[in-house]
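Here are the chains, one letter per residue:
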Amino acid sequence: ASQPLTPLTAPYTVSIGGVTVPATSVYYGGLVSGSISGLYQFNLQVPANLADGNQPVVITIGGQSTQPGATIPVKH
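The paragraphs below set out a description of the structure included in this document. Residue positions within a chain follow its written sequence, with the count starting from 1. Two thresholds apply to this predicted model, a pLDDT of at least 70 for residue-level local features and 80 or more for giving and counting side-chain atom pairs, whereas whole-chain, interface and lining totals are computed over all residues. Remark: hydrogens and water are excluded; side-chain values derive from all non-hydrogen atoms of the structure.

## Thoughts on the side chain of serine 25
No. 1: Within the element layout of this structure, serine 25 appears in the loop between β3 (19–20) and β4 (26–31).
No. 2: By definition, residues are in contact when any of their heavy atoms lie within 4.5 Å. The residues contacting serine 25, other than those within four sequence positions of it, are Asn43, Leu44 and Gln45. Only runs of H or I of at least four residues qualify as helices and only runs of E of at least two qualify as strands under DSSP, and these elements are numbered from the N terminus.

Next comes the structure, spelled out in structure tokens:
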């Protein structure tokens, strides 16, 4: 059975490679459907002007940021 989506209700920001992703490019941020471990998922469009390579990812919610060292590989 399909589980309902549980989006975040608090405002949050996502930055990749030091570039803040515009809210219009973030399509979903919230709990993974059916997850019991508190796993969060973010669906977004990666900014086109990022350099190739592993870029740092920071998500900030309520003044708290994700742990350092999280990256996403970028390749044009």
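From this point on, the discussion continues.
## Side note on the nonpolar core
No. 1: Among the nonpolar cores identified, the biggest contains eight residues, and these are Val14, Ile16, Val21, Val26, Leu50, Val57, Ile59 and Val74.
No. 2: Going through the elements one at a time, β2 (12–16) and β6 (53–61) are the ones with two or more residues in this core.
No. 3: Valine 57 has contacts with Ser15, Ile16, Thr66, Ala70, Thr71 and Ile72, leaving out every residue within four places of it along the chain. By nonpolar core we mean a set of buried residues, namely Ala, Val, Leu, Ile, Met, Phe, Trp, Tyr and Cys, connected to one another through side-chain atoms within 4.5 Å. Only protein chains enter the accessibility calculation, which uses a 1.4 Å probe. A residue is then buried if its area is under 20% of the maximum for its type, exposed if over 50%, and partly exposed in between.

## Quick word on the sheet that holds strand β1 (residues 6–7)
No. 1: For two strands to pair, DSSP has to find at least two bridges joining them. If you trace the three strands from one edge of the open sheet to the other, you get β1-β4-β5, paired in antiparallel fashion. The strands lining the two open edges of the sheet, one partner per strand, are β1 and β5 (40–44).
No. 2: In this sheet, β5 lies alongside β4 in antiparallel orientation, the contact comprising five bridges. For tyrosine 28, the partnering residue across the bridge sits in β5 and is asparagine 43.

## Considerations on the side chain of glutamine 55
No. 1: Positionally, glutamine 55 belongs in strand β6.
No. 2: Distance and chemistry together define a polar contact, namely a pair of N or O atoms within 3.5 Å, with one atom able to donate a hydrogen and the other to accept it when in protein, and with adjacent residues in sequence counting only for side-chain atoms on both sides. For glutamine 55, the side chain forms a polar contact with the main-chain oxygen of alanine 51, separated by 3.1 Å.
No. 3: Not counting residues up to four positions away in its chain, the partners in contact with glutamine 55 are Ile16, Gly17, Ala70, Thr71, Ile72 and Val74.

## Remarks on the pairing of β2
No. 1: Bridge analysis of β2 against β6 gives five bridges, and the strand direction is antiparallel. Paired with threonine 13 across the strands is threonine 60, a residue of β6.
No. 2: Of the pairings in the sheet, the one linking β2 to β3 comprises two bridges and is antiparallel in character. From the neighbouring strand, isoleucine 16 faces β3, where its bridge partner is valine 19.
No. 3: Linking β2 to β3, which pair antiparallel, is a turn of two residues; within it glycine 17 sits at a positive phi near 60°.

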